[in-house]
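What follows is each chain in one-letter form.
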Amino acid sequence: MLRYRPRGRRFAPRKDAPGQEASRKIAGIEPVDHLQEHLDRIRTELGNSPDIIFRQLKLGGASEANCAIVYLNGLSDPEMINHDVMESLLQLSKEFLQKERSPADFLDMVMKDGLAMGESRMSADWNEAMLAILSGDTVILFEGADHIIIAGTQGGQWRSVTEPTSQLVVRGPKDSFVESIATNISLIRRRLKSSRLWLETMKIGSVTHTHVAIMYVKGKADPGIVREIKDRLNRIEIEGILESAYIEEFIQDKTITPFPTIYNTERPDDATSKLLEGRIVVLVDGTPFVLVLPTVFAHFFQSPEDYAQRFDIAIVMRLVRYISFIILILGPSVYIALTTFHYEMVPTQLLISLVAQREGVPFPAFIEAMLMEVVFEILREAGVRMPRAIGQTVSVVGALILGQAVVEAGLITPAMVIVVALTGIASFTLPAYNLSIAGRLIRFGFMVLSGMFGFYGLTLGVIVLIAHMNSLRSFGVPFMSPISPFRLRNQKDAIIRLPFQPLQTQAAESSTGFGASSNQDTSLAGDSDGRMSGSGQQGADGGSASGRGQHTAANGAGGNRNS
């Protein structure tokens, strides 16, 4: 029978009493209360939860229950339990059950001949059995057996695959990741049908035991980076992982920075293209956002739609994003510096108009900008947190009414309202939301410098910002590559995007195709070749030439862009 050990927490057979036969049949000979003892222990450890289902079965025409199944209602698939587990067990013959064999051989025969399951395994570990129940699997206990059977019956309700909410495109795939890690893995495998796509899993969190998966293309991903990622994940000590951001903060190279050094996406096509570039994707159960690493600054300006449109249109759209980011961080500060310290740089007619607007305004330009930016951030946050049906209306109407009211009241100049509105619109053009947040934070620092020292302070701030960005690393990869250090041949998909033919040529030059051997893999991305400090990998930096060029060639130019 199954014995419970508090310390070792192992299933073990009960020793025979003196005079009892050491060799016993597996079914129905031992008293049924021994099986009931283990069921009671499960109930006790799980706090007598009503959603834990216990079902005792009489197999082979036994007079007493000699088998029990335990599963969690809501996380298990009831159809699989009824048809593949219970129906299969009840069909076991009396001769099969009473045949002399060891408990291990009996359970092995049950899994092979008695269960119509695609996934089942034996275990003698009590913790594993409890975790299996809480994960949605079904635990099968037999009277007199020293092991249990864990049947893979995970099910439950998950959100269906829908359109992305944060990375929208006009042309391109419309599916997105969901909260189920198994579904997310299948979405990637559906696009990347290769035996070189490797998957490794682990569990993180002493309480939640969250499933975490690492996916990479063997021969493209640098083995040193893969080992480093696994080492950092294994060093995480936390009770629970509820979102991929938890892991991102633990494994990133530098935490004191407003810039994200790990890319995240909810688009399967985007993640697939990053795998083709030789990067590593980390998936976390319970969140639709996956992590891509290592990453560089240029990734946050690349949209999936860049590869679903003509290259000339993509170039214009990408340049607009870079210009918008500059406006986001420098727009209000430039206006403050011009209207506070450097009037001589403003054209005469414009200066006369600005001075006329400032008549009767009680606040200097710096206070004006700070007030308007804070109000705009409040409206933005209110629009995000309010119900979707009214959130957009409240944010837009609130901005219009409030902007008109403060101008009519003489508290803010019309020019300042225009500058703040332009800055806010520029923040929405960035494909990566986390980079937009970084730009909004940096903007306030530049406003303080320009309000105190004018363009001198602004110039000093830009120098410090550039130096900080150049000091960042993402698993050893320079964050600003291939812009800094600058490599001309790696600019084919960094700031601009050239046609697919040059991208394919660059991919061939860097030998990162599926036909390349692992010792030829000298680049994580076709548009970069910098050395990765600390991991020994060449390559790395920029955009996405090799993966995107080859993937597009296989799927049609632009039809199914994988960023």
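Residues numbered from 1 in each chain as written. Predicted model: local features only at pLDDT ≥ 70, side-chain atom pairs only at ≥ 80, totals over all residues. Heavy atoms only, no water.

With 14 residues, helix α14 (residues 414–427) should cover 20 Å at 1.5 Å per step; its first-to-last C-alpha distance of 20 Å lies within 8% of that length. Of all the positions in α14, only A415, M416, V419, V420, T423, G424, A426 and S427 are classed as buried. In the core, the buried residues of α14 are packed alongside α10 (311–340), α11 (348–357), α12 (365–385) and α15 (433–453). (Helix = DSSP H or I, 4+ residues; strand = E, 2+ residues; numbered from the N terminus. Expected span 1.5 Å × (residues − 1). Buried < 20%, exposed > 50% of the residue type's maximum accessible area, 1.4 Å probe, protein only. Contact = heavy atoms within 4.5 Å.)

One open sheet holds the 5 strands; their spatial order is β8-β9-β11-β12-β10, and the pairing between them is antiparallel. Since the sheet does not close on itself, it has two edges, and those belong to β8 (197–204) and β10 (263–265), each with one partner. The average angle at which neighbouring strand axes cross in this sheet is 25°, direction not considered. Sheet topology places strand β11 (residues 280–284) next to strand β12 (residues 290–293); 3 bridges connect them, and they run antiparallel. Within β12, the residue paired with V282 across the bridge is L291. Running at roughly 10° to strand β9 (residues 210–217), helix α6 (residues 181–191) makes contact with β8, β9 and β11 of the sheet. Across the sheet, helix α9 (residues 268–276) touches β8, β9, β10, β11 and β12, and the angle it forms with β10 is around 140°. (Pairing = 2+ DSSP bridges. Axes fitted to C-alpha atoms, helices over the stretch in contact; angles between N-to-C directions.)

Looking now at the packing of aromatic side chains. Evaluation of the coordinates by the stated rule reveals 11 aromatic pairs. Relative to F300, the ring of Y263 has its centre 5.5 Å away and its plane inclined at 65°; by these criteria the two rings are edge-to-face. With a gap of 37 residues between them, Y263 in strand β10 and F300 in the loop between β12 and α10 connect regions that are remote in the sequence. Given the relative accessible area of 3%, Y263 is considered buried. For the ring pair F297 and F301, a centre distance of 5.0 Å and an interplane angle of 65° mean the geometry is edge-to-face. With respect to burial, F297 and F301 carry one shared label: buried. Across from the ring centre of F54, 4.1 Å away, lies the NZ or CZ of R43, which sits over that ring. Positioned above the aromatic ring of F475 is the side chain of R232, whose terminal nitrogen or guanidinium carbon lies 4.2 Å from the ring centre. (Phe/Tyr/Trp six-rings, centres within 6.5 Å; stacked < 30°, edge-to-face > 60°. Lys NZ or Arg CZ within 6 Å of the ring centre and 35° of its normal.)

A few words now on the sheet that holds strand β3 (residues 52–57). Read from one edge to the other, the open sheet built from 5 strands follows the order β3-β4-β6-β7-β5, with strand pairing classed as antiparallel. Whereas interior strands pair on both sides, the edge strands pair on one side only; in this sheet they are β3 and β5 (120–123). Neighbour-to-neighbour, the strand axes of the sheet open up by a mean angle of 20°, direction not taken into account. Sheet analysis places β3 next to strand β4 (residues 67–72), joined by 6 bridges and oriented antiparallel. Looking across to β4, one finds that F54 is bridged to V70. The strands touched by helix α4 (residues 103–114) within the sheet are β5, β6 (138–142) and β7 (148–151), with β5 carrying the most contacts at an inclination of about 165°.

All right, on to the layout of surface pockets then. Considering only enclosed or pocket space, the second largest pocket measures out at about 860 Å³ in volume. Every residue lining the second largest pocket is counted, 32 residues in all, and those nearest its centre are S135, Q154, I181, H211 and D285. Counting only elements with at least two residues in the lining of the second largest pocket, the list comes to α5 (126–134), α6, β8 and β9. Looking at the lining of the second largest pocket, its residues break down into 14 nonpolar, 12 polar and 6 charged. (1 Å grid on protein atoms, 1.4 Å probe; cavity = no way out; pocket = protein on both sides within 12 Å on 5 of 7 lines; lining within 4 Å. Points joined across faces, edges and corners; volume = space filled by probe spheres on them. Nonpolar A, V, L, I, M, F, W, Y, C, P; charged D, E, K, R; others polar.)

This paragraph deals with helix α8 (residues 244–251). Listed as buried for α8 are S244, I247, E248 and I251. Looking straight down α8, one finds its buried side chains confined to an arc of 105°; they lie on one side. Each element contacted by the buried residues of α8 is listed here: β8, β9, α7 (223–234), β11 and β12. (Arc of directions from axis to C-beta.)

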